[in-house]
Amino acid sequence: MPLNGGALGVRFVTAVTELGYLGLSVSDLDAWRTYASEIAGMEVVDEGEDDRLYLRMDLWHHRIALYGNGDDDLAYLGWRVAGPVEFEDMQEKLRAADIEFTVASSDEAKDRRALGLLKLTDPGGNPTEIFYGPQVDTYKPFHPGRPMFGGFLTGSQGIGHCILRQDDVEAAIRFYRVLGLKGSVEYKLDLPNGMVAEPYFMHCNERQHSVAFGLGPMEKRINHMMFEYTNLDDLGIAHDIVRQREIDVALQLGKHANDQALTFYCANPSGWLWEFGWNARTAPTQQEYYTRDIFGHGNEAAGYGMDIPL
């Protein structure tokens, strides 16, 4: 979506660089502490704030903030820009596209452990933030919540990806194009009712996609969050623990056609899904589409909105 702004018609080229962090509203912080550390392997950081915990996946202060306010849904997601110049350019880009936003106060930015912060809402009603300058604690080694052979794939690819609720897919596409994401329909899936599902996937870096939508009506703002291990054995151990603890698995182990990651989907303590993955390919340079997954991903536990025939 080319945009020209300013009196001289200068083209805005600033784009977000990664899905940097998430805020989640939860009803049971203790259950999340156990789930995130003992199953996923994330490091839980408790700084004595009664209303929240933080989850580390790398050297950032945190990648996920858990707020114990009982909503059990997405609280916000944060998209990174490179620095203060890009932060200012993004504001001009949003104004040119008539997208409303507010510049957060210094205290609000500090609360997110960022140097600058914008707050806005995407067309699906999902609280969205654009930030620069995350707090990175290079002095503090990452300590996984359980023994791991490797770590989490973050770096320039960000935290992973999310599937979000969007009632107006075209409006969502326009919105995320303004932020600088690119994407396309990647599946055409025949449904039992004779319709064809066409989920839309978008990326902003080498990760195959950082956000997607178009799965149909959703009760919550978020259907699932995917994160990726750097070592296959860590995925396998997580799968063993999930099975041993009899946690609902919505989609069994399988391999997607688009990102080609080996993954499975299981319920988290808030009643939606985390997708545990390994070895996704990077974003291709040209558009493709698929009619099914490579193997696996059979439906198991119902009620999590993953009943399409991937």
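In this text the structure is predicted, and so the values were computed from the model without any measurement.

### Some remarks on the pairing of strand S20 (residues 273–278)
Argument step 1. The buried fraction of S20 amounts to five of the six residues, a majority that puts the element mostly inside the structure.
Argument step 2. As defined by bridge partners, strand S17 (residues 222–229) adjoins S20 across six bridges and the pair is classed as parallel. Paired with Phe 227 across the strands is Phe 276, a residue of S20.
Argument step 3. Strand direction decides the pairing type here: strand S19 (residues 262–267) and S20, joined by six bridges, are antiparallel. The partner of Leu 262 across the bridge, within S20, is Trp 278.
Argument step 4. Here S19 folds back onto S20 in antiparallel fashion, the turn holding five residues, of which Gly 271 has a positive phi close to 90°.

### Focus on the environment of Gly 155
Argument step 1. Its location among the elements puts Gly 155 in the loop between strand S10 (127–134) and strand S11 (161–164).
Argument step 2. Spatially, the C-alpha atoms of Gly 155 and Trp 60 are 9.8 Å apart, while their sequence positions differ by 95 residues.
Argument step 3. For Gly 155, the residues in contact, after removing those within four places along its chain, are Glu 18, Asp 58 and Arg 63.

### Considering the packing of helix H2 (residues 84–96) against helix H4 (residues 169–179)
For any two helices packed against each other, the geometry comes down to the angle between their axes and how far apart the axes lie.
Argument step 1. Their axes nearest at 9 Å, the elements H2 and H4 cross at an angle of 150°. One element, H2, and the other, H4, form an angle in the roughly antiparallel class. For the element pair H2 and H4, the recorded crossing hand is right-handed. Only Arg 177, Val 178 and Leu 179 of H4 make contact with H2, whose side of the interface consists of Met 90, Lys 93 and Leu 94.

### A short note on the domain arrangement of the protein
Argument step 1. Partitioning the protein into domains gives domain 1 (18–134) and domain 2 (161–299).
Argument step 2. Each of domain 1 and domain 2 has a C-alpha centre, and the two are 20 Å apart.
Argument step 3. Counting residues at the interface gives 39 residues for domain 1, matched by 37 residues for domain 2.
Argument step 4. Summed over both sides, the interface between domain 1 and domain 2 buries roughly 2,900 Å², with carbon and sulfur atoms accounting for 68% of that surface.
Argument step 5. Contact with domain 2 buries surface across domain 1, with Tyr 35, Ile 39 and Trp 79 losing the most and accounting together for 22% of the total.
Argument step 6. Applying the counting rule to domain 1 against domain 2 returns one salt bridge.
Argument step 7. For Arg 245, the salt bridge identified is with Glu 38, shortest N-O distance 2.9 Å.

### A word on the confidence of the model for the protein
Caution applies to low-pLDDT regions: their predicted coordinates should not be interpreted in detail.
Argument step 1. Residue-level pLDDT values for the protein average 94, and 95% of them are 70 or greater.
Argument step 2. Low pLDDT, under 50, characterises residues 1–10; the stretch is placed with 16 contacts to residues that sit more than four places away or in other chains.

### Here we look at H2
Note that an α-helix has 3.6 residues per turn; residues three or four places apart therefore point the same way.
Argument step 1. Between its first and last C-alpha, H2 extends 19 Å over 13 residues, near the 18 Å set by a 1.5 Å rise per residue.
Argument step 2. Buried residues of H2: Phe 87, Met 90, Gln 91, Lys 93 and Leu 94, and no others. Within H2, the buried residues cover an arc of 165° as seen down the axis, which keeps them to one side. Exposed and facing more than 90 degrees away from the buried side of H2 are Val 85 and Glu 88.
Argument step 3. Each element contacted by the buried residues of H2 is listed here: strand S8 (102–103), strand S9 (114–121), S10 and H4.

What counts and how
Each chain carries its own residue numbering, running from 1 in the direction its sequence is written. Per-residue local features of the predicted model are confined to residues with pLDDT of at least 70, and side-chain atom pairs are confined, for both listing and counting, to 80 or more; whole-chain, interface and lining totals are unaffected and use all residues. Side-chain metrics rest on all non-hydrogen atoms present in the structure, leaving aside hydrogens and water. Accessibility here uses a 1.4 Å probe with only protein chains present; expressed as a share of the type maximum, an area under 20% marks a residue as buried, one over 50% as exposed, and anything in between as partly exposed. Helix and strand definitions here come from DSSP, where helices need a minimum of 4 consecutive H or I residues and strands a minimum of 2 consecutive E residues; each element is numbered from the N-terminal end. Criterion used throughout: strands pair if DSSP finds at least two bridges between them. For this analysis, residues touch if any pair of their heavy atoms sits within 4.5 Å. Axis lines are fitted through C-alpha atoms, for helices just across the contact stretch, and the angle between N-to-C directions can take any value from 0 to 180 degrees. Oblique is the label for any angle not under 35 degrees, not over 145, and not in the 65 to 115 range, which are roughly parallel, roughly antiparallel and roughly perpendicular in turn. Crossing handedness: left-handed means the near helix sits turned counterclockwise from the far one by under a right angle, and right-handed means the same turn made clockwise. Segmentation into domains, and thus their bounds, comes from an automatic or database assignment. Note: buried area is the sum, over both parts, of the accessible area (probe 1.4 Å) each one loses when the two are combined. Should a side-chain nitrogen of Lys or Arg be within 4 Å of a carboxyl oxygen of Asp or Glu, the pair is scored as a salt bridge. In predicted models, pLDDT denotes the confidence assigned by the predictor to each residue on a 0 to 100 scale. Take the residue count of a helix, subtract one, and multiply by 1.5 Å to get its expected span. This arc is built from the directions going out from the helix axis to the C-beta atoms.

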